[in-house]
Amino acid sequence: ANAIGHSWELIRTGQATQALTGGYDALSHLVFSGFDSLQALSPTNCRPFDANRDGLALGEGAAVLTLETLDLAEKRGARILAEIVGYGAATDCHHLTQPQPDGDAALASMAAAAQCANVAPNQIGYINAHGTGTPLNDAAEAAAINRWAGNNAPRIPVSSTKSGIGHTLGAAGAIETVVCIMALQEQFLPPTSTLQTKDPNCNFPVVSQPASATLDYAMTNSFGFGGANATLILRRWK
């Protein structure tokens with residue numbers, strides 16, 4: 001997510017006209033052992049924002065995007081998929097692996113992206129949450145979304161697609177950006193496919209089934225170890 005945000009900043013400030021950006025990660029015994037030693041892996045199913053969630057599932061994958069100026073895209077006849085309009089990043093330095101419980105840095109990341117995009121919570125039609133399915137991560141992110149959205153929280157659909165593909169680590173931010181692009185293009189809400197009982201601390205609706213929607217803006221959160229947080233906002237291209 002930070003790679004995409006940084007590339008976007010280079011283009012919008014005139015330091016580049018085109019960039020290839022994204023992320024990838026591959027599973028290994030070392031990575032699995034690390035998460036196992038943290039007792040972060042679910043022994044059942046990864047259930048983000050579920051009241052009975054018990055851990056994450058690991059996945060692997062990659063996503064790469066071409067970012068470019070509008071002039072260049074139109075000149076070469078490119079099919080424009082979506083527009084990035086906001087990027088925010090923040091860090092809380094709270095703990096090596098645990099998020100700050102109130103989601104302060106996550107809130108700062110979302111607020112910075114919204115300010116950059118000049119959009120308010122009532123304009124966001126969908127949030128693709130970081131949503132790992134671990135008790136501490138989801139609680140902190142839910143608190144951040146609740147605080148950022150305020151009275152608008154009950155009308156903003158949220159889901160974590162990690163329920164279906166696992167946590168792809170260094171690829172997650174890029175893959176979930178692509179998910180948002182697909183949602184904007186196809187006008188639908190991707191689900192948290194394993195949700196059973198929504199955590200009552202979530203003031204927002206958690207999407208459990210694919211559904212049609214009218215979306216102009218989508219937000220995606222990526223919150224990593226060490227308190228590194230990034231948020232991207234995308235706009236439907238018309």
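Residues numbered from 1 in each chain as written. Predicted model: local features only at pLDDT ≥ 70, side-chain atom pairs only at ≥ 80, totals over all residues. Heavy atoms only, no water.

**Q** Looking at this model, I keep getting lost on the overall build of the protein. Mind explaining?
**A** In terms of regular secondary structure, the protein is built from 7 helices and 9 strands. For a compact globule of 238 residues, the expected C-alpha radius of gyration is about 18 Å, and the protein comes in at 17 Å, within 12% of that figure. With the C-alpha coordinates aligned to their principal axes, the bounding extent of the protein is approximately 50 × 40 × 30 Å. Nonlocal contacts in the protein, meaning residues at least 24 apart in sequence, comprise 77% of its contacts between residues at least 6 apart. Carbon and sulfur atoms provide 52% of the accessible area of the protein, an area that totals close to 11000 Å². Computed over 13 positive and 19 negative side-chain charges, the inter-centroid distance for the protein is 8 Å. (Helix = DSSP H or I, 4+ residues; strand = E, 2+ residues; numbered from the N terminus. Rg over C-alpha atoms; globule rule 2.2 N^0.38 Å. Contact = heavy atoms within 4.5 Å. Areas by Shrake-Rupley, 256 points an atom, 1.4 Å probe, with all protein chains shown as cover. Lys, Arg positive; Asp, Glu negative; His and termini not counted. Charge placed at Lys NZ, Arg CZ, Asp CG, Glu CD.)

**Q** What is the right way to read the sheet that holds strand S3 (residues 82-91) from this model?
**A** Backbone-to-backbone hydrogen bonds pair the strands of a sheet. The strands run either parallel or antiparallel. Pairing in this open sheet of 5 strands is mixed, and the strands run S3-S9-S8-S4-S5 from one edge to the other. The open sheet terminates on both sides in strands that have one partner only, identified here as S3 and strand S5 (158-159). Across 3 bridges, the pairing between strand S4 (residues 126-128) and strand S8 (residues 217-223) is parallel. Paired with Asn128 across the bridge in S8 is Thr220. Against the sheet, helix H4 (residues 104-117) makes contact with S3, S4, S8 and strand S9 (228-236), and its axis sits at roughly 145 degrees relative to S3, the strand it touches most. (Pairing = 2+ DSSP bridges. Axes fitted to C-alpha atoms, helices over the stretch in contact; angles between N-to-C directions.)

**Q** Hey, could you run me through helix H1 (residues 2-12) in this one?
**A** Owing to its 3.6 residues per turn, the α-helix brings residues three or four apart onto one side. Turning to H1, its buried residues are Ile4, Gly5, Ser7, Trp8 and Ile11. Seen from one end, H1 has its buried residues packed into an arc of 165 degrees, which puts them on one side. Elements in contact with the buried residues of H1: strand S1 (18-25), strand S2 (61-68), S3, H4, helix H7 (172-186) and S9. (Buried < 20%, exposed > 50% of the residue type's maximum accessible area, 1.4 Å probe, protein only. Arc of directions from axis to C-beta.)

**Q** When you look at the packing of aromatic side chains in this model, what are you seeing that I'm missing?
**A** The geometry of an aromatic ring pair is captured by the separation of the ring centres together with the interplanar angle, meaning the angle of the planes. According to the stated counting rule, one finds 2 aromatic pairs in the structure shown. Both rings, one in Phe49 and one in Phe204, keep their centres 5.7 Å apart while their planes meet at 90 degrees; by these two values the pair is edge-to-face. Taken together, the residues Phe49 in the loop between helix H2 (29-37) and S2 and Phe204 in the loop between strand S6 (188-189) and strand S7 (211-212) connect sequence positions 155 residues apart. The buried category is assigned to Phe204, whose relative accessible area is 1%. (Phe/Tyr/Trp six-rings, centres within 6.5 Å; stacked < 30°, edge-to-face > 60°.)

**Q** Would you mind going over the pattern of salt bridges with me for this structure?
**A** Opposite charge on two side chains permits pairing when their charged atoms draw close. Per the counting criterion, the structure on display carries 9 salt bridges. Two residues, Arg47 and Asp54, come together in a salt bridge whose shortest N-O distance is 3.2 Å. The class for Arg47 is buried, based on a relative accessible area of 10%. For Asp54, a relative accessible area of 24% puts it in the partly exposed group. A salt bridge links Glu83 to Arg235, with the shortest nitrogen-to-oxygen separation between them at 2.9 Å. (Salt bridge = Lys/Arg side-chain N within 4 Å of Asp/Glu carboxyl O.)

**Q** For this particular structure, what's the right way to read the side chain of Ser159?
**A** Its place among the elements puts Ser159 in strand S5. Here the side chain of Ser159 touches Pro190 through a polar contact of 2.7 Å, landing on its backbone oxygen. Setting aside anything within four residues of it in sequence, one finds Ser159 in contact with Tyr126, Ile127, Asn128, Ala129, Pro190, Pro191, Thr192 and Val207. (Polar contact = N/O pair within 3.5 Å; in protein donor to acceptor, adjacent residues only side chain to side chain.)

**Q** Just checking my understanding: could you explain the nonpolar core for this structure?
**A** Within soluble globular proteins, side chains that are nonpolar generally end up buried alongside one another. With 28 residues, the main nonpolar core has Phe49, Ile124, Ile127, Trp148, Phe204 and Ile233 as its most contacted residues. Broken down by secondary-structure element, the contributors of at least two residues to this core are H4, helix H5 (135-149) and S8. Per-element accounting of this core gives the leading share, 6 residues, to H4. In this structure Ile124 touches Val119, Trp148, Arg155, Ile156, Tyr217, Met219 and Ile233, once residues within four positions along its chain are discounted. With 25 residues, the next largest nonpolar core counts Leu67, Tyr87, Tyr126 and Ile175 among its residues. (Core = buried A, V, L, I, M, F, W, Y, C linked by side-chain atoms within 4.5 Å.)

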